[in-house]
Amino acid sequence: VRFHGRNQERWATAGETSSERFDYWYKDGELLEWTPRIQHLSEHAQEINLLFNTNRWDQGPQNARRLARLMEPSSQFMVENGETIVALPEFSGYP
């Protein structure tokens, strides 16, 4: 799953660099929309990869850490070479 951000204002506007399109800090509510989808994917795959392509400053790692904290409290995550790796608990179904 690749997270590009939701920077609609800059997406269609030509800027000095392409990274301006990916200038986005996710809000908790936007990330929470993804938690059931991620849990569902984890039930059907041996491995899933989440990539935050919000690449201005340290937005990618910070957005990834925020998502990891919003996942179930029993989730584990670690940062390896600047990438956040999330180990999800077993998916118990949708509420």
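First, a word on scope: everything that follows refers to the structure included in this document. Keep in mind that this is a model prediction, so the values were computed, not measured.

**Topic: the overall build of the protein chain**
Phase 1: Within the protein chain, the regular secondary structure consists of four helices and four strands.
Phase 2: Listing the helices and strands of the protein chain from first to last along the sequence gives β-α-α-α-β-α-β-β.
Phase 3: Each of the 95 residues in the protein chain was classed as buried or not, and the buried ones make up 26%.
Phase 4: Residue pairs in contact within the protein chain that sit at least 24 positions apart in sequence constitute 55% of those at least 6 positions apart.
Phase 5: Total accessible area computed for the protein chain in this model is approximately 6,600 Å², and 48% of it derives from carbon and sulfur atoms.

**What about the nonpolar core?**
Phase 1: In this structure, Phe3, Tyr24, Tyr26, Leu31, Ile38, Phe52, Ala64, Leu67 and Met71 together form the largest nonpolar core, which totals nine residues.
Phase 2: Contact partners of Phe3, with chain neighbours within four places excluded, come to Tyr26, Trp34, Leu50, Leu51, Phe52, Asn53, Thr54 and Leu67.

**Remarks on helix α4 (residues 59-70)**
Phase 1: In a regular helix each residue adds 1.5 Å, so 12 residues correspond to 16 Å; α4 covers 16 Å between its end C-alpha atoms and thus fits that length.
Phase 2: Of the positions making up α4, those classed as buried are Gln59, Gly60, Asn63, Ala64, Leu67 and Ala68. With its buried residues spanning 165° around the axis, α4 presents them on a single face.

Thresholds applied
- Residues numbered from 1 in each chain as written.
- Predicted model: local features only at pLDDT ≥ 70, side-chain atom pairs only at ≥ 80, totals over all residues.
- Heavy atoms only, no water.
- Helix = DSSP H or I, 4+ residues; strand = E, 2+ residues; numbered from the N terminus.
- Buried < 20%, exposed > 50% of the residue type's maximum accessible area, 1.4 Å probe, protein only.
- Contact = heavy atoms within 4.5 Å.
- Areas by Shrake-Rupley, 256 points an atom, 1.4 Å probe, with all protein chains shown as cover.
- Core = buried A, V, L, I, M, F, W, Y, C linked by side-chain atoms within 4.5 Å.
- Expected span 1.5 Å × (residues − 1).
- Arc of directions from axis to C-beta.

Distances and angles like these do not, on their own, reveal function.
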